Every structure is written in structure tokens, then in C-alpha cells.
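Structural description and commentary
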Amino acid sequence: MKIKEGYLLRELADTYVVVPVGQAAVDLRGMITLNGTGAFLWKQLQTSQTVEALVKALVAEYDVDISRATTDVENYIEVLKTHQLLDDTVEGTV
Amino acid sequence: MLLATVAERTVELVGCDTMLHAEKFEQFVPLTDRVDQRITVETTDRITPPDGKPLGSHRMTTWCEVASGQYVLSHTQGLFQLHFNDDFSDVRFFMSPTLPKADILQYLYVSQCMNAHALANGGIGFHGAGLCFDEQSGVLLVGTSGTGKSTLTTALSAIDPTMTVLCEETVIGMKKDDGYRMYGTPLCGGNDRFSPRFAPLRGVVILRRGDTDRFFTPSSKEAFFGLLETAQRPVYHRELCETAVDRIADIQKTIPIYGFDHTAGPNAGTILYRALEREGLLQKGRLT
């Protein structure tokens, strides 16, 4: 799975925002805000990833145990799925 | 740990977005009621079809830049040609006799091309009112429809008769050596208060209607959303859209951004004026 095309991640002073462009702006009439870990995962998902790979990357980057990281990644993926932001047609599905 | 908030705030896009949402067309009154004397419309059959790479296309129209500030739009029923001058003070609009004389299309194409021209040349268009104080300090009031741009502009001009208005509809911010300048455009529903043609942009105020009058410094996220919400983003054109997003981020880094929640009550104008004084955006002491 990976993030669909058409979303720009930008860092502001104290947060991250994702802005849809092109067709994505029509599909999602809103914006996405991310904290640091959310932005980290978003960047990972710009290439095809599995949940396991995301958990591993999160644990390697942040001071968090595998159990907590797994829960957070799964919740994160759910939010992305709910808003149809994931391209599940690529390799590395959940 | 909260990782993502999706669609925290729905953005109602204005301007270019209307090309995608025909149901909003009725929001636009005819061109002739929305522009001032700086725009001319002429019917001619002497427009040369463009042969360059289209700058953009949408539905029945593609458009090319044929020279600096000159655009030709190919419509299935004929051709439009638009000429802008450098400070957007003069717009000439030519159209084939075969085209329907639909004012709304003219308005949209002028708006589209003006914004594309701005984005390609270091600028971006905003839905807002451009105010000029002391002929040297420009303040841009931005807000979605109904947030009080015109109300506050009227209130401020009553407080400070020397204040001039660049535009009350589409204001172009252009990056220059000394920061950003804001330019009024002919898409402003002009009257005799409109002058001069540009002013240095010293501050942006994001307007919202609220239960109290409150002038404040928004968080960077609020500021970004406020600008994005009122910027003209050609959402169907990825490259220009990316440029718009980056330009908004640059304006946010360069220009002080403020928020003003207001009731549109009788004191709102005075509160805003005093706040602008306090922030050094206009000369102090005029309001007694």
C-alpha cells in the first residue's frame, strides 16, 4: 500500500499539512494535518509499504515499543483508508 | 499519540474552483457588473489560434500564453484572447463573434488567466480586499464569502478617508525584491475609491465571523488554512496548484498574518483599525 498520487506534504512552523492537488483536490475537499510521527509515516508511505515495515521504521526512529507502534500504525492506516487516501493496488498490502 | 487529522476543516474554494462546480455559477453576477473601466471587451475575428504548448486545459477550453501577459483560449466554439499589463490595471478581452456572449464565461476566463499569469510570475491571487494606507502600507483582508470584507472596508474608509482600496474581489500578491506587492485587478466591482494600482503588502488579516470582536495572531496552521482557503488554486492543474501552495507558504514566512473574528457590529471597524495601528501597519494618531 502507498499514498495515492496528488497530495503535497508541507512543513509549517509547528505542524505538517497535506494539501490535495489536481484530481485529489476534487476528491478530498479538505486538508490533512499531521504531527511529526504522522508526517514520518506519510513520507514512508510515498513508496509501497507493509504495516510491518512501517512499525519497524517507527520503532527505529522514535522511542516507542513495538506494541504501541503497531497500534498507532494500524489506527493511522485506518484513518487513511476511511478517507480513501491509500492506493491498495500496489504491492505491499496490509 | 494522535497521528493524523483528516479534513479538519472543509475548504470552500473560490475563483478557479468554480470551473469544476457548475452549480456555483449563479453566484457570479454578469461581468459588466463586476468589473471597472479598466477592462475592455471587443469582438473580433482576427485572433490567431495558438500553436504552443497549452498552459492548461479544462473541459471545453485550453489556453496558451502567446506573449508575456497575453493568452489565447481555444474554446470549441471560437477563440478568446486576453492581454494584461504588468500591474493588472488594464485587461483587454477579445472574443470571436462565434462565441456566446456569456458574461460569466468571460469573467471566469479572465480570472483563470490572471491567476495563471500571477502564479507563473511569482504571484498568487486571493479572494480579498486590498487596502492601502498612507499610500505606502498595504493590508490585505481575506475571507470567504460573507466574512465581512466589504463591510469592514466601508467601516475603515469611514474612519480613515485617506485609505484607498485596490480591489474588493481578486487581489494579486506578487513577489518583488522588497517583499510582496499587492495589486488590484479589474475584477473588483469598481467605484471611485479604487486606487492606486499597487501597494507593498505589509500584513494579511484573515476574517471570520464570530460572536465577539477579536484580533489575534493565528497559529501557523490556522494562518496557512486561512490563506489556502482564500487563495485561487487551479485545482485541476497540478503544477500550478503546487506552485500556489508553495507561494502561500512563502507569504506566510514573509508577511505577518493576523486573524480577526468579528461580529460585523458597529465597533468592528474601529477595533480592527486600532489593531492595525498597534501592529504598525498604518500611521498612528489618526483615530481619535
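This one's a predicted model, so the numbers in the text were calculated from it and none came from an experiment. (Residues numbered from 1 in each chain as written. Chains lettered and ligands numbered in written order. Predicted model: local features only at pLDDT ≥ 70, side-chain atom pairs only at ≥ 80, totals over all residues. Heavy atoms only, no water.)

Another point: the overall build of chain A. A count of helical and extended segments in chain A gives 4 helices and 5 strands. Element order for chain A, N to C, with α for helix and β for strand: β-β-β-α-β-α-α-α-β. Since a compact globule built from 94 residues should have a radius of gyration of about 12 Å, the 13 Å found for chain A is in line with a globular shape. Dimensions of chain A along its principal axes, counting C-alpha atoms only, are 40 × 35 × 20 Å. In chain A, the proportion of contacts linking residues at least 24 apart, taken out of those at least 6 apart, comes to 49%. A total of about 4600 Å² of accessible surface is found on chain A, and carbon and sulfur atoms cover 46% of it. Taken as two groups, the 8 positive and 14 negative side-chain charges of chain A have centres that lie 5 Å from each other. (Helix = DSSP H or I, 4+ residues; strand = E, 2+ residues; numbered from the N terminus. Rg over C-alpha atoms; globule rule 2.2 N^0.38 Å. Contact = heavy atoms within 4.5 Å. Areas by Shrake-Rupley, 256 points an atom, 1.4 Å probe, with all protein chains shown as cover. Lys, Arg positive; Asp, Glu negative; His and termini not counted. Charge placed at Lys NZ, Arg CZ, Asp CG, Glu CD.)

As a further point, take the side chain of Gln252(B). Looking at where Gln252(B) falls in the secondary structure, it is placed in helix 5 (residues 238-254). Among the polar contacts listed, one links the side chain of Gln252(B) to the backbone oxygen of Ser220(B), at a separation of 2.8 Å. (Polar contact = N/O pair within 3.5 Å; in protein donor to acceptor, adjacent residues only side chain to side chain.)

All right, on to the confidence of the model for chain A then. In this model, chain A carries an average pLDDT of 85, and 90% of its residues clear a pLDDT of 70 or more. Here helix 1 (residues 23-27) of chain A is the element of chain A with the lowest mean pLDDT, 72, and helix 3 (residues 51-61) of chain A is the one with the highest, 93. (pLDDT = per-residue confidence, 0-100.)

Before going further, it helps to examine the side chain of Asp160(B). With respect to the helices and strands, the residue Asp160(B) is situated in the loop between helix 3 (149-159) and strand 10 (164-167). The class for Asp160(B) is buried, based on a relative accessible area of 0%. (Buried < 20%, exposed > 50% of the residue type's maximum accessible area, 1.4 Å probe, protein only.)

Now for the confidence of the model for chain B. Fine structural detail should not be taken from predicted coordinates in areas where pLDDT scores are low. Of all residues in chain B, 77% have pLDDT values of 70 or greater, and the mean over the chain is 78. Confidence estimates for the predicted assembly give a pTM of 0.81 and an ipTM of 0.78.

Among the nonpolar cores identified, the biggest contains 57 residues, and Ile124(B), Phe126(B), Leu140(B), Val204(B), Phe224(B) and Ile251(B) are the most heavily contacted of them. What Val204(B) contacts, discounting residues up to four positions off in sequence, is Leu140(B), Val142(B), Leu227(B), Ile255(B), Pro256(B), Ile257(B) and Tyr258(B). By size, the runner-up hydrophobic cluster in this structure holds 27 residues, among which are Ala24(A), Ile32(A), Phe40(A) and Val73(A). (Core = buried A, V, L, I, M, F, W, Y, C linked by side-chain atoms within 4.5 Å.)

The next subject is the state of the cysteines. All names here are of chain B. Taken as a whole and judged by the stated rule, the model has 0 disulfides over all chains. Cysteine Cys132 is unpaired, with the sulfur of Cys167 as its nearest cysteine sulfur at 13 Å. Residue classification places Cys132 among the buried positions, given a relative accessible area of 0%. Given a relative accessible area of 0%, Cys167 falls into the buried group. (Disulfide = S-S within 2.5 Å.)

Attention shifts here to the pattern of salt bridges. Residue and element names in this part refer to chain B. Applying the stated rule across the entire model yields 8 salt bridges over all chains. Residue Glu222 is joined to Arg208 by a salt bridge in which the shortest nitrogen-to-oxygen separation is 3.8 Å. In this pair, Glu222 is assigned in helix 4 (residues 220-230) and Arg208 in strand 13 (residues 198-209), connecting sequence segments 14 residues apart. With relative accessibility at 25%, the residue Arg208 sits in the partly exposed group. One salt bridge connects Arg238 with Glu242, and the closest N-O pair in it is separated by 2.8 Å. Of this pair, Arg238 and Glu242 are both found in helix 5, 4 residues apart, which corresponds to roughly one turn of the helix. Judged by relative accessible area, which is 35%, Arg238 ranks as partly exposed. In this structure Glu242 comes out as partly exposed when scored by relative accessible area, which is 23%. (Salt bridge = Lys/Arg side-chain N within 4 Å of Asp/Glu carboxyl O.)

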